[in-house]
Amino acid sequence: MSSVPEQAFEALLAEDRLFPPGEALRGQANVSDAGVYARAAADPEAFWAEAARELHWFRGWDRVLDWTPPHARWFVGGQLNAAYNCLDRHLSSARRNKAALIWEGEPGDERVLTYWDLHREVSKFGNVLKGLGVVKGDRVAIYLPMIPEAVIAMLACARIGAAHSVVFGGFSAESLRDRINDAQAKVLVTADGGYRRGRVVHLKAAVDEAVKDTPSIRHVVVVRRGGGLEVPASATDGRDHWYDDLMRQASADCPAEPMDAEDLLYILYTSGTTGKPKGVVHTTGGYLTQVQATARWVFDLKENDVYWCTADVGWVTGHSYIVYGPLANGATVFMYEGAPDWPHRGRFWELIQKYGVTILYTAPTAIRAFMRWGPSWPDQFDLSSLRLLGSVGEPINPEAWMWYAEHIGHGRCPVVDTWWQTETGGIMISPLPGITSTKPGSATRPLPGITASVLNGEGSDVRAGFLAIPKPWPGMLRTIWGDDERYRQTYWSKWPNVYFPGDGAKIDDDGYLWLLGRVDDVLNVAGHRIGTMEVESALVDHPAVAEAAVVGKADEIKGQAIAAFVTVKEGILITDALKAELRQHVADKIGAIARPDAILFAADLPKTRSGKIMRRLLRDIAEGRAMGDTTTLADPAVVARLKTEYEGKES
Ligand code: WT7
């Protein structure tokens, strides 16, 4: 299975602490009636239709669900607009002047956009895009730092019926280029730079590199952010435009385009088990229904909340729970540009105190870093505004869960551990804070209207096996952009008509689910999904490398770290300089998040007699464990040699 050691499973299941919903939420939460689970299970379509009615529809649907496995269509015949639901419908109430976005940049600059302001900016940018030739159905690539323009650009696309493809600002020029080409994006929205740990990240430089080879891109719109950098010469050929210049001339009158429920809302690329990332396709009606509803249920969003999700908008968490879910609820979203440890390790707590943040949604990797830095950082700040804490992205170990509850929540705040994926669109497995008793380390049970089981390879229910989603759900991905066959193969070929997420899971006597991490060749490094094959391709792309095998190695902070076993071509000298060069090469090819933590040069890689690299053995070596079965190896001596080498030279 995954690289989580067996002792960890056992420790998890021995976890018997149970935390019932606190006083403050009982009876007061948005979902307080436990009967909701049974009601939803009895008639899931009626249940989701009720949730969909919370949105504004230009035209009602004819049918709730069309399920022709593995393709689902939700709210068939209905028409709506995601940006209209996030903005326009809040303008006729007191929300009009409420803060939609409260933003702080890393250098400390501040901006507040009310719903009225955000509506105006989005409408103007919608017109800017139209002026650049973007029409309904086109794709727009967005490569921005965590600034309000990222939200504005996404919603502007949704408003005019174009699909966005947001590429995380930490990805390399090559990764950006590949994603633009796969989606055939017409316009790219970027910035001259962004701030990260006191330095300017020069996004526009990567863009210039990327667009040398993206024939579909007609225009590049550049937001001024990076401290007055000049746009290079390409600005003169009519391709590049300053965002400010275009916005100054744009009209604020931009009616929201009525979209079919099944019209494309966005594409978001995520790593899989091959070298080529998958363009996950999300459509409008079902997706918005699920993110709107789950944001309200799980985070218990109320009118006065200040909600902070620390993810980057470049990941699905940012799409669903910075932008669409909270704004569809008319919530106040706090957004921060920078890192948690800059200029000091109390930065997040300082921001929570300053803005009175009430709901915090972050990742276990961050929580484990906070643990290591010690409680003296949060203790310097007043965190009494907090009332609910969320976790997402990877399994949260019980120690981190307890630390979060004690040192950040001060025993007052429920902790919701939310399991979901880029592909699921919205939260699938999570406590409901007004109903569910939580166990540290368990995401508890599927939300109302969602099904989940633990199955073995044959499709029978088991206590420990693969997580499975037996029934379609509104926010599910509809396909992989341009590759429906891969969609079928990846998610629907393990069991007939049951979705396979790629995670291992256990279920305990109370029916609580314990998510155990990936069971495929996908790593989860600090909550970021990275395919082992992607890193391997980047390594063998280097002229010195003959072969590479990449595995995840358990890491106290990041969950998994990247360990690469590399054989070099004949005549190549193995040096520390080469090691550094290879690590940098991967960062240049994919992005810094994929930079291997450890590189080990080996004379040979362990292979089966049929030539398949035995990753399991490499993981054992990387994690310093006793080796598993080596009898299927072509040359068992290879492993013994590797193990001695690795123990001596790990870096
Ligand atoms: C993978 C999806 C969901 C948004 C962020 C990541 C892992 C996610 C949990 C959790 C255990 C989790 C799974 C999943 N994962 N949340 N609460 N407990 N594992 O989205 O990049 O699509 O990654 O993240 O392994 O398959 P993603």
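Predicted model only: the values in this text are computed from it and were never measured. Sequence order sets the numbering: in each chain, residues are counted from 1 along the sequence as written. Selection of residues for local features in this predicted model requires a pLDDT of at least 70, selection of side-chain atom pairs for listing and counting requires 80 or more, and totals for whole chains, interfaces and linings are taken over all residues. With hydrogens and water stripped out, all remaining heavy atoms of the structure feed into the side-chain values.

(A) Main features of the sheet that holds strand 21 (residues 453–455). The pairing criterion for strands is at least two bridges between them, as found by DSSP. Numbered from the N terminus, helices here are DSSP runs of H or I no shorter than four residues, and strands are runs of E no shorter than two. Pairing within the open sheet is antiparallel, and its four strands lie in the order 21-22-23-24. Here the strands that pair on one side only, and so sit at the sheet edges, are strand 21 and strand 24 (513–518). Taken over all neighbouring pairs, the strand axes of this sheet differ in orientation by 45 degrees on average, direction set aside. Across three bridges, strand 22 (residues 464–468) lies against strand 23 (residues 503–507) in antiparallel orientation. For alanine 464, the partnering residue across the bridge sits in strand 23 and is lysine 506. The axes used here are C-alpha line fits, helices contributing only the stretch in contact, and every angle between their N-to-C directions lies in the interval 0 to 180 degrees.

(B) Region of the structure containing the site of the ligand. Nearness of a residue to a molecule or strand requires only that one of the residue's heavy atoms be within 4 Å of it. For the ligand, the set of nearby residues contains 17 residues, the closest of which are Asp417, Thr418, Thr422, Asp503 and Arg529. Between glycine 393 and the ligand, the recorded distance is 3.1 Å, taken from a backbone N or O atom to a nitrogen atom. Contacts to the ligand include glutamine 421, whose side-chain N or O atom sits 2.9 Å from an oxygen atom. Using a 1.4 Å probe, accessible areas were evaluated by the Shrake-Rupley method; residue-level cover was limited to the displayed protein chains. Isolated, the ligand exposes 550 Å² of accessible area, and the fraction of that covered by the protein chains is 95%. Put simply, the parts of the chain that give the shell around the ligand at least two residues each are helix 11 (316–328), strand 20 (415–418) and strand 24. Lys, Arg, Asp and Glu make up the charged group, whereas Ala, Val, Leu, Ile, Met, Phe, Trp, Tyr, Cys and Pro make up the nonpolar group; the residues left over, Gly among them, are polar. Classifying every residue of the shell around the ligand gives six nonpolar, six polar and five charged. Any N or O atom pair separated by 3.5 Å or less is treated as a polar contact, with the protein-specific requirement of one donor-capable and one acceptor-capable atom, and with residues adjacent in sequence counted only for side-chain atom pairs.

(C) Geometry of helix 15 (residues 398–408). Within helix 15, eight of the 11 residues are buried, which leaves the element mostly enclosed by the surrounding structure. Each residue gets one of three labels from its accessible area relative to the maximum for its type: buried under 20%, exposed over 50%, partly exposed in between, using a 1.4 Å probe on protein chains only. Buried residues of helix 15: Pro398, Ala400, Trp401, Met402, Trp403, Tyr404, Ala405 and Ile408, and no others. One or two positions beyond helix 15, positive phi appears at histidine 410, with a value near 45 degrees.

(D) Representation of the domain arrangement of the chain in the model. A domain assignment, automatic or from a database, supplies the domain bounds used here. Its domain assignment divides the chain into domain 1 (23–505) and domain 2 (522–649). A separation of 32 Å is found between the C-alpha centroids of domain 1 and domain 2. When domain 1 packs against domain 2, close to 1,700 Å² is buried across both sides, 47% of that on carbon and sulfur atoms. Here, a salt bridge means any Lys or Arg side-chain nitrogen found within 4 Å of an Asp or Glu carboxyl oxygen. One can count three salt bridges joining domain 1 with domain 2. Where glutamate 423 meets arginine 529, a salt bridge forms, and the shortest distance between an N and an O atom there is 2.7 Å. Along the contact surface separating domain 1 from domain 2 lie 15 residue pairs in polar contact (both at pLDDT 80 or more). Of all elements in the fold, only helix 7 (173–183) and helix 13 (364–373) reach the threshold of two or more residues within the side of domain 1 that touches domain 2. Of the residues forming the side of domain 1 that touches domain 2, the biggest block, four residues, is contributed by helix 13. Classifying every residue of the side of domain 1 that touches domain 2 gives five nonpolar, 13 polar and six charged. The term buried area denotes the loss of accessible surface (1.4 Å probe radius) that occurs when two parts are joined, taken as the sum for both partners.

(E) Spotlight on unusual backbone geometry. That bond from proline 69 to proline 70 is cis: its omega, 0 degrees, falls within 30 degrees of zero. Residue placement: proline 70 occurs in the loop between strand 1 (63–68) and strand 2 (71–76). Following tryptophan 342, the chain continues into proline 343 via a peptide bond in cis, with omega recorded as -5 degrees. Considering the arrangement of structural elements, one finds proline 343 in the loop between strand 17 (332–336) and helix 12 (347–355). The residue aspartate 300 is not glycine, and still its phi comes out positive at about 55 degrees. Locating aspartate 300 in the fold gives a position in the loop between helix 10 (285–298) and strand 16 (306–309). Judged by its relative accessible area of 0%, aspartate 300 is buried. The backbone phi angle of threonine 444 is positive, close to 70 degrees, even though this residue is not glycine. Of note, threonine 444 is situated in the loop between strand 20 and strand 21. The exposure class assigned to threonine 444 is buried, which follows from its relative accessible area of 0%.

(F) View of the side chain of glutamate 534. Summarising the element assignment, glutamate 534 is placed in helix 17 (residues 532–540). In this count, Lys and Arg are taken as positive residues and Asp and Glu as negative ones, while His and the chain termini are left out. Buried within the structure, glutamate 534 lacks any salt-bridge partner; arginine 179 is the closest side chain of opposite charge, at an N-O distance of 4.6 Å. Within polar-contact distance, the side chain of glutamate 534 engages the backbone nitrogen of glycine 531 at 3.1 Å. By definition in these notes, contact holds between two residues if any of their heavy atoms fall within 4.5 Å. When near neighbours in sequence (up to four residues on either side) are disregarded, glutamate 534 contacts Ser271, Thr274, Gly275, Pro277 and Ile590.

(G) Geometry of the environment of valine 357. The residue valine 357 is located in the loop between helix 12 and strand 18 (359–362) in this model. Valine 357 sits in the buried class, given a relative accessible area of 0%. Counting along the chain gives 34 residues from valine 357 to serine 391, while the straight-line C-alpha distance between them is 16 Å. Contact partners of valine 357, with chain neighbours within four places excluded, come to Val306, Trp308, Phe334, Leu351, Ile352, Ser385 and Leu386.

(H) Summary view of the sheet that holds strand 8 (residues 187–191). Read across the open sheet, the seven strands follow the order 12-11-8-6-7-14-15; overall the sheet is mixed. For this open sheet the edge positions go to strand 12 (240–242) and strand 15 (278–283), each flanked by a neighbour on one side alone. Averaged over all neighbouring strand pairs, the angle between strand axes comes to 25 degrees, with direction disregarded. Looking at chain direction, strand 8 and strand 11 (residues 219–223) are connected through five bridges and run parallel. Directly across from alanine 191, in strand 11, lies its bridge partner valine 223. In the packing of helix 8 (residues 203–210) onto the sheet, the strands contacted are strand 6 (139–143), strand 8, strand 11 and strand 12, and the crossing angle to strand 8 comes to about 155 degrees. Running over the sheet, helix 11 touches strand 7 (163–166) and strand 14 (264–270) and is turned about 145 degrees from strand 14.

(I) Representation of the side chain of serine 175 within the structure. Examined against the element boundaries, serine 175 turns out to sit in helix 7. For serine 175, a relative accessible area of 5% translates into the label buried. One polar contact links the side chain of serine 175 to the main-chain carbonyl oxygen of lysine 589, over a distance of 3.5 Å. Not counting chain neighbours up to four residues away, the residues in contact with serine 175 comprise Lys589 and Ile590.

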